[in-house]
Amino acid sequence: MARRSSSSSSSSSLLLLVAAAALLAVAAAVPPTCERIECPAYEVVDSANGFEIRRYTDAMWVSTAPIEDISFVAATRTGFLQLFKYIQGKNAYNETIEMTAPVLTDVSPSDGPFCASSFVVSFYVPAKNQADPPPAEGLRVRRWAGDRYAAVRRFGGFVADADVGEQAARLDASLQGTRWAAAVNEGRGEGKATSYTVAQYNSPFEFSGRVNEIWMLFDGAKVGSDVN
């Protein structure tokens, strides 16, 4: 009897380990949205507890002008509506463009809780339009020339104003003491130690399985040749 109990206990432990491994695999997987719509290609070059380091390839984005607001949610909504009109044909070519993911919001936080922060919302241009993205009034085309690196933290649910700063702080804390910390801090720019990017992969009408990420972009060359 004791032998069967020990065997049962070992089997249960093995099942728990397999389940934990499966959960970790899901956490590190490509966001489910990217199985349905186009997302920028990337390669994972490192991962650890609390973060992932990705290398993105050359890519074109269409971005809003800076939006000043005290609310991340409100600013992102304003920017997304501009970009939605853009992909619906409000551009110089009157061309309808396929939706992609993620929608990025670059955040440059204010110095105080009641001061407006600066937000830039961006849309990834699909492969079909990468060579010649339609221009549009009030928007600008940005190119990621060559490789661009990002330290990434993933989280779920609908993004609230209180979430973004907390998630960025968690990502920053997880990077401290790693070989990536100095390059990430330098990549955020002089006087921009608190800047970061929020990536949202789902439409506002999807209520489950939502995927969001905090990105801190940086130059992989600052880390050394072993980044490849």
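Residues numbered from 1 in each chain as written. Predicted model: local features only at pLDDT ≥ 70, side-chain atom pairs only at ≥ 80, totals over all residues. Heavy atoms only, no water.

- The name recorded for the chain in an unreviewed UniProt entry is SOUL heme-binding protein, from Urochloa decumbens.
- According to the UniProt record, the Sequence similarities (unreviewed entry) comment for the chain reads "Belongs to the HEBP family." (UniProt positions renumbered as here; feature names shortened; annotations may be inferred.)

Digging into the side chain of Asn-129
Reasoning step 1: Position of Asn-129 relative to the elements: it lies in the loop between strand S6 (117-124) and strand S7 (139-144).
Reasoning step 2: Ignoring any residue separated from it by four or fewer positions in sequence, one finds Asn-129 in contact with Glu-95 and Ile-97. (Helix = DSSP H or I, 4+ residues; strand = E, 2+ residues; numbered from the N terminus. Contact = heavy atoms within 4.5 Å.)

What about the side chain of Arg-142?
Reasoning step 1: Within the fold, Arg-142 resides in strand S7.
Reasoning step 2: Beyond its immediate sequence surroundings of up to four residues, Arg-142 is in contact with Ala-59, Met-60, Trp-61, Ser-63, Asp-106 and Ser-122.

Here we look at the packing of aromatic side chains
Reasoning step 1: This model, assessed by the stated rule, comprises eleven aromatic pairs.
Reasoning step 2: On the numbers, 5.0 Å between centres and 40 degrees between planes, the contact of Tyr-56 with Trp-215 is tilted. Residue Tyr-56 is located in strand S2 (residues 51-56), and its partner Trp-215 is located in strand S10 (residues 211-218); the two are separated by 159 residues in the primary sequence.
Reasoning step 3: Both rings, one in Phe-158 and one in Phe-207, keep their centres 5.8 Å apart while their planes meet at 55 degrees; by these two values the pair is tilted. Taken together, the positions of Phe-158 in the loop between strand S8 (148-156) and helix H3 (161-175) and Phe-207 in the loop between strand S9 (196-200) and S10 put the pair 49 residues apart, joining distant regions of the chain.
Reasoning step 4: Its relative accessible area of 43% is what places Phe-158 among the partly exposed residues.
Reasoning step 5: Among the aromatic residues, ring-to-ring pairing joins Tyr-42, Tyr-56, Trp-61, Tyr-124, Trp-144 and Trp-215 into one connected group.
Reasoning step 6: Above the face of the Tyr-42 ring, Arg-54 is positioned so that its terminal group lies 4.2 Å from the ring centre.
Reasoning step 7: The aromatic ring of Phe-158 is capped on one face by Arg-210, whose charged end is 4.0 Å from the ring centroid. (Phe/Tyr/Trp six-rings, centres within 6.5 Å; stacked < 30°, edge-to-face > 60°. Buried < 20%, exposed > 50% of the residue type's maximum accessible area, 1.4 Å probe, protein only. Lys NZ or Arg CZ within 6 Å of the ring centre and 35° of its normal.)

Quick word on the state of the cysteines
Reasoning step 1: All chains considered together, the criterion is met by one disulfide.
Reasoning step 2: Across the disulfide, Cys-34 is cross-linked to Cys-39 (sulfur-sulfur distance 2.0 Å). On the sign convention where negative is left-handed, the bridge of Cys-34 and Cys-39, at about -90 degrees about the S-S bond, is left-handed. (Disulfide = S-S within 2.5 Å.)

Considering the pattern of salt bridges
Reasoning step 1: According to the stated counting rule, one finds eight salt bridges in the structure shown.
Reasoning step 2: Notably, a salt bridge pairs Arg-54 with Glu-52, separated by 2.7 Å at the nearest N-O pair.
Reasoning step 3: In this structure Arg-54 comes out as buried when scored by relative accessible area, which is 1%.
Reasoning step 4: A salt bridge links Arg-154 to Glu-213, with the nearest nitrogen and oxygen atoms 3.1 Å apart. Of this pair, Arg-154 sits in strand S8 while Glu-213 sits in strand S10, and the two are 59 residues apart along the sequence.
Reasoning step 5: One network of salt bridges, with partners in common, ties together Glu-52, Arg-54, Arg-154 and Glu-213. (Salt bridge = Lys/Arg side-chain N within 4 Å of Asp/Glu carboxyl O.)

Comments concerning the environment of Phe-80
Reasoning step 1: Summarising the element assignment, Phe-80 is placed in helix H2 (residues 72-87).
Reasoning step 2: In this structure the C-alpha to C-alpha distance between Phe-80 and Val-120, which are 40 residues apart in sequence, comes to 10.0 Å.

Concerning the pairing of S6
Two faces belong to every sheet, and in a regular strand the side chains alternate between them.
Reasoning step 1: When you tally the buried positions in S6, you get eight out of eight residues, the bulk of the element.
Reasoning step 2: Of the two faces of S6, both are covered, the one formed by Ser-117, Phe-119, Val-121 and Phe-123 as well as the one formed by Ser-118, Val-120, Ser-122 and Tyr-124.
Reasoning step 3: Bridge count for strand S3 (residues 59-64) against S6 is three bridges, and the pairing is antiparallel. When the sheet's bridge partners are listed, Trp-61 is paired in S6 with Tyr-124.
Reasoning step 4: When strand S4 (residues 67-69) meets S6, the two strands line up antiparallel, connected through three bridges. Residue pairing in the sheet places Glu-68 in a bridge with Ser-118 of S6.
Reasoning step 5: Judged from the six bridges that link them, strand S5 (residues 103-108) and S6 form a sheet pairing that is antiparallel. Each residue of the ladder has a partner; that of Val-107, found in S6, is Phe-119. (Pairing = 2+ DSSP bridges.)

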